[in-house]
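# Structural characterization, general
This is what each chain is made of:
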Amino acid sequence: MEFRILAPTGALGAGFDAEAFRRGVAARPHVIACDAGSTDSGPAALGSGTPKLSDQAVTRDLRLLLRARDELGVPLIIGSCGTSGRDVGVDRVAALVRGIAEAENLHFTMGLIYSDQPAARLEALYDAGRIAPLPHAPDIDRELFARSHTVAMMGTEPIEEALRSGCDVVLTGRASDTALFAAVPHMRGADPGLTWHMAKTIECGAACAVPPSANGLLVHLRDDHFDVTTLAEDSRLTPRSVAAHTLYENADPFRVVEPSGILDTTDATYEAVDERTVRVRGARFMPADDYTNKLEGAQLVGHQTVIVGGVRDQVVIRQLPDLVPFAKKYFADKILDVFGGDVDPADVDIDFRLYGDGAVLAAAEPEPLRPRELGVLITVTAPDQATAHAVATFVAQASSHLPIPEYDGLVSTLAYPFSPPEADRGPLYRFTLNHVVTGVTPTELFRTVTEEV
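None of the values given here were measured: they were computed from a predicted structure.

When its secondary structure is counted, the chain shows twelve helices and 19 strands. Each principal axis of the C-alpha atoms in the chain carries an extent, and together these give about 80 × 50 × 45 Å. When burial is assessed residue by residue, the chain has 53% of its 453 residues classed as buried. Taking as baseline every contact in the chain between residues at least 6 positions apart, the subset at least 24 positions apart corresponds to 77%.

This is how it looks when you write it as structure tokens:
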């Protein structure tokens, strides 16, 4: 028994090499699958419903995938549509698919699997004690669900159901990245350990290649091993690069948790077949006693205006860590003076990040830094954009002339590369959930719509 699975890229819209993709198509895969979403770039896509990548970029990739699907007559599975997997993301990608099909005269059955979770359903699950926190999850209450936009992450089962019903193209809401690639071999009885390990290996396309890229991988999944091959001419795979990918987005290098169980790669082996192919054996899959679906939520927390500046004067650089707390106190008093009782200073956050002096690691810096230059990022967050912008205007003005004790007279402390320096960044979102729903059947949180295209 052999299954050939083509992963053309790690992210729909990232842009893959067409010639490399054709090499994968020439191998006559049994399924083409591609991820289109992630929480990697933060909560904005989930909170706003706006995808990270443009419709133009997604359309370019989709056109190649739909043409290949039509040529091969195999399923095409796209997961976590619209970056977040929200219903609006599924509908957005579906509209692009319909437009391509009309232009290319393509005909197929399309399944749309939706993963948005209504607040009333989540409140009932919460009341029943069926929403459990994952490690380091925030505390929640039942009122959160009305303020948050929430999706559930599906496993293979809703996808398999759509395929069994005759769907040629399956567009999913939020899905486990691995489920997209595991669905077809799983429903056809392939070894579950090898299936899930294969899926984990190729979920991000050629991200596990040397060098990593947005291009694709091809897998030959057999009874006791799978071979994974990179498709781009200028890339290769090594046992180390393939093995290392089990740690990507995963706290444990050997155990990967899925809705239906745990992939255990402790005893897996990795063998170079040639410079572009690695053979993998030995993983096993341990079914869970209780099926779970992960919940992801995001909510609006304010609006933001940003100011970017820089400084090279060493006297100013030495003084800034002491000046910033002074400036924040000044700005709080200024808010009261300008807005009176209309704006509470406690509702406005003014943050200074000193790039080149611990802006990323902050107190965890292993040794003191002695920067020649500093980049200064100032963010002003307020309940509405107008307030954020208004506060930012006097923050920018005052920050460009902070008082330096070692200098007499007026000093220019920050240089701004833009005029005006204030840039409205728009709505700000935060993640609200890192939890799972327990005691569910694999498909009950999802709904599927089928149409002829």
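What follows covers the packing of helix α8 (residues 177–187) against helix α9 (residues 192–202). Taken N-terminus to C-terminus, the directions of α8 and α9 make an angle of 145°; their axes are 8 Å apart at the nearest point. Crossing of α8 over α9 shows right-handed handedness. Each of T178, A179, F181, A182, P185 and H186 in α8 lies in contact with α9, whose residues at this interface are T195, W196, M198, A199, K200 and I202.

Positionally, G49 belongs in the loop between α2 (44–48) and α3 (55–72). Note: C-alpha distance between G49 and G82 (33 residues apart in sequence) is 7.6 Å. In this view, G49 contacts A44, R86 and V88; residues no more than four positions away in its chain are not counted.

Spatial strand order, β12-β13-β9-β8-β1-β2-β3-β7-β4-β19: ten strands in an open sheet with mixed pairing. With one partner strand each, in any of the chains shown, β12 (269–274) and β19 (447–452) form the two edges of the open sheet. Direction aside, the axes of adjacent strands within the sheet are offset by 20° on average. Summarising the sheet, strand β2 (residues 31–37) and strand β3 (residues 76–83) pair through five bridges and their orientation is parallel. Paired with G37 across the two strands is T83, which belongs to β3. Docked against the sheet, helix α7 (residues 157–164) engages β3, β4 (109–114) and β7 (169–172), running at close to 150° with respect to β7. Against the sheet, α9 touches β1 (3–7), β8 (217–221), β9 (226–230), β12 and β13 (277–281), its axis set at about 170° to β8.

Strand order in the open sheet formed by three strands is β10-β11-β14, and the pairing between neighbours is antiparallel. Two strands lie at the open edges of the sheet, namely β10 (255–258) and β14 (284–287), each paired on one side alone. Between one strand axis and the next, the sheet turns by 20° as a mean value, whatever way the strands run. Across four bridges, the pairing between β10 and strand β11 (residues 261–264) is antiparallel. Looking at the pairing, R255 lines up with D264 of β11.

Quick notes on the rules
- Residues numbered from 1 in each chain as written.
- Predicted model: local features only at pLDDT ≥ 70, side-chain atom pairs only at ≥ 80, totals over all residues.
- Heavy atoms only, no water.
- Helix = DSSP H or I, 4+ residues; strand = E, 2+ residues; numbered from the N terminus.
- Buried < 20%, exposed > 50% of the residue type's maximum accessible area, 1.4 Å probe, protein only.
- Contact = heavy atoms within 4.5 Å.
- Axes fitted to C-alpha atoms, helices over the stretch in contact; angles between N-to-C directions.
- Left-handed = near helix turned anticlockwise from the far one by under 90°.
- Pairing = 2+ DSSP bridges.

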